[in-house]
Amino acid sequence: MNQAIWDGLPDEASARLALALADACADPIATTQPYGEDDGYMRTLVTGDILVVIYLGHQTKTLHIFQIDYLG
C-alpha cells in the first residue's frame, strides 16, 4: 500500500521524500521527530507536504515505512 502511495506522488514530492529518507538512514534520530511518546523507535519524518511514520531498526540499521500521508 505504501508503495502505491509513493508511486502516486508528484515527481517533486517523490524526490523530496527519497532525499529525506536517505538523510534519515544516515542519522535517523536527528532527522525525525518522535511519534507520540519518544521511545526511539517509532518516528515521524516531515518534508513539508509529506508525513511519514517509520520504525527504526537500530540493530539492523533499517527503516520500515508504516504510513505515508501526502498533504499537497
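Further up the page is the structure itself.
In this text, all values refer to a predicted model and were calculated from it rather than measured experimentally. (Residues numbered from 1 in each chain as written. Predicted model: local features only at pLDDT ≥ 70, side-chain atom pairs only at ≥ 80, totals over all residues. Heavy atoms only, no water.)

> I'd like to hear about the packing of aromatic side chains, residue by residue, with values.
The geometry of an aromatic ring pair comes down to the distance between the two centres and the angle between the two planes. Counted according to the given criterion, the structure contains two aromatic pairs. With a centroid separation of 5.8 Å and an interplanar angle of 15°, the aromatic rings of Y41 and Y55 are classed as stacked. Of the two residues, Y41 sits in the loop between β1 (33-34) and β2 (42-46) while Y55 sits in strand β3 (residues 50-57), which places them 14 residues apart along the sequence. The exposure class assigned to Y55 is partly exposed, which follows from its relative accessible area of 32%. Aromatic pair Y55 and F66: ring centres 6.4 Å apart, planes at 85°, arrangement edge-to-face. Of this pair, Y55 sits in strand β3 while F66 is found in strand β4 (residues 62-70), placing the two residues 11 residues apart along the sequence. An aromatic cluster is defined as three or more aromatic residues linked by ring pairs; in this entry it consists of Y41, Y55 and F66. (Phe/Tyr/Trp six-rings, centres within 6.5 Å; stacked < 30°, edge-to-face > 60°. Helix = DSSP H or I, 4+ residues; strand = E, 2+ residues; numbered from the N terminus. Buried < 20%, exposed > 50% of the residue type's maximum accessible area, 1.4 Å probe, protein only.)

> Can you break down the pattern of salt bridges residue by residue, with the values?
Within this structure, the stated rule accounts for two salt bridges. Across the pair D38 and R43 runs a salt bridge, and its minimum N-O distance is 3.0 Å. (Salt bridge = Lys/Arg side-chain N within 4 Å of Asp/Glu carboxyl O.)

> An account of the nonpolar core is requested, with residue identities and associated values reported.
Counting 11 residues, the largest nonpolar core is built from L9, A13, L17, A20, L21, L45, I50, V52, I54, L56 and I68. Going through the elements one at a time, α2 (11-26) and β3 are the ones with two or more residues in this core. (Core = buried A, V, L, I, M, F, W, Y, C linked by side-chain atoms within 4.5 Å.)

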